[in-house]
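Structural features, examined
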Amino acid sequence: MFEEGQYFAPVNTDADGTVSVELGENHPGFADADYRERRNAIAALALDWQPGDPMPTVAYTDAEHEIWRLVSAELAVKHRDMAVRDYLGGAERLMLPRDRIPQLAEVSRALEPLTGFSYVPAAGLVPLRDFYGVLAEGKFHATQYIRHHSVPLYTPEPDVIHEVIGHANALAAPRFAALYRVAGEAARRVHSEEALEFVSRVFWFTLEFGVMTEADELKAYGAGILSSYGEIDEFRGMTIMPLDLGTMGTIDYDITKYQDKLFDAGSMDQLEDVVGEFWATCDDDAVERLKAEVKNR
Ligand code: NLE
Ligand code: FE2
């Protein structure tokens, strides 16, 4: 349904300023002219945006709100059993609307007093250094389009459902928000591309796809699991490994499928002690040491 390796559709701007989002031929919206047009228009809003401007407002259609309603309802039920406590606490404080897609500006207004986080618009893939770096300032890059209606249960591409239901509920929880911030500090502290890649892989296996044990049950805290009502039903059956920085920072993953290797942080305390501490202090040498240690195993 999606091409392997395709995660963010490339966004092109031609000489006369026309923006086009390149959906692969296996993308569920590939043959849907209206959807393609919509993706182009929403990407153009983000490209026009300058720091200091108000967040772009998207006039969502009823059909788009309907996708949000469907996915929100499915996820709300599943989160009760499958999401970690801190995430549920964040969701309770943030109180996202279930009946319509909220604007990123309004989600930012609700988040800021809670943890200081706010959104900045992204047209598509944001270079790693910027995406992670601005987390240190409490800024989170988010797309504003919504997944294609034909496959609501899962998309490999981050859409507004993933950015808001997956990430904002976590960003509304102080302990998670602090982890996002130190991930940003780590991205700013490391110099080499290799070390940045390592930091971003650790982010992938924790804040995107992390799981942890609570009262003997495996729960999810990663935004990628918590925004997909397809994947959330499957994560407990995947290969669950103990939290290990060297492994997380070096193994490959396929972004186009349900993640089959997950890391159990054990507890919130352990996530903070191991991953939070790593991000808060790591530099290029620390990353090199971890990589060398993995090679010598
Ligand atoms: N698979 C997630 C979802 O369907 O919401 C998005 C993951 C983006 C990294
Ligand atoms: Fe994400």
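This report concerns the structure included in the present document. (Residues numbered from 1 in each chain as written. Chains lettered and ligands numbered in written order. Predicted model: local features only at pLDDT ≥ 70, side-chain atom pairs only at ≥ 80, totals over all residues. Heavy atoms only, no water.)

Here the focus is the side chain of His 141. Looking at the secondary structure, you find His 141 in strand 4 (residues 139-142). Residue contacts for His 141: discarding those within four places in its chain leaves Val 120, Pro 121, Ala 122, Val 126, Asp 130, Phe 131, Val 134 and Glu 163. (Helix = DSSP H or I, 4+ residues; strand = E, 2+ residues; numbered from the N terminus. Contact = heavy atoms within 4.5 Å.)

With that settled, consider the nonpolar core. Among the nonpolar cores identified, the biggest contains 93 residues, and Tyr 119, Phe 176, Tyr 180 and Trp 279 are the most heavily contacted of them. It is helix 8 (residues 193-208) that provides the largest number of residues to this core, a total of nine residues. Here Tyr 180 is in contact with Phe 117, Leu 135, Phe 140, His 167, Ala 170, Leu 171, Phe 203, Leu 207 and Ala 223, once residues within four sequence places are set aside. (Core = buried A, V, L, I, M, F, W, Y, C linked by side-chain atoms within 4.5 Å. Buried < 20%, exposed > 50% of the residue type's maximum accessible area, 1.4 Å probe, protein only.)

Now for the coordination of the iron ion (ligand 2). Within the protein, His 162 (NE2), His 167 (NE2), Glu 208 (OE) and Glu 208 (OE) serve as the donor atoms for the iron ion (ligand 2), at 2.0 to 2.7 Å. Mapping the donors of the iron ion (ligand 2) onto the primary sequence gives the spacing H-x4-H-x40-E. Remark: Glu 208 occurs in helix 8 and His 162 occurs in helix 6 (residues 160-171); sequence separation between them is 46 residues. (Donors = N, O, S within 2.8 Å, 3.2 Å for Na, K, Ca; no water.)

A few words on the pairing of strand 8 (residues 261-264). The pairing of strand 7 (residues 239-242) with strand 8 spans four bridges and is parallel. Counterpart to Ile 240 in the pairing with strand 8 is Leu 262. The β-α-β motif built from strand 7, the intervening helix 10 (residues 245-250) and the parallel element strand 8 has right-handed crossover chirality. (Pairing = 2+ DSSP bridges. Right-handed = clockwise from strand over helix to strand, strands pointing away.)

Next up on the list: the site of ligand 1. Around ligand 1 sit nine residues, and of these Arg 147, Tyr 154, Thr 155, Ser 227 and Ser 228 come closest. In the model, an oxygen atom of ligand 1 is placed 2.7 Å from a nitrogen or oxygen of the Arg 147 side chain. At a separation of 2.5 Å, an oxygen atom of ligand 1 approaches a polar side-chain atom of Ser 227. When ligand 1 is considered free in solution it has 300 Å² of accessible area, and contact with the protein chains removes 99% of it. Split by residue class, the shell around ligand 1 holds three nonpolar, five polar and one charged. (Near = heavy atom within 4 Å. Polar contact = N/O pair within 3.5 Å; in protein donor to acceptor, adjacent residues only side chain to side chain. Areas by Shrake-Rupley, 256 points an atom, 1.4 Å probe, with all protein chains shown as cover. Nonpolar A, V, L, I, M, F, W, Y, C, P; charged D, E, K, R; others polar.)

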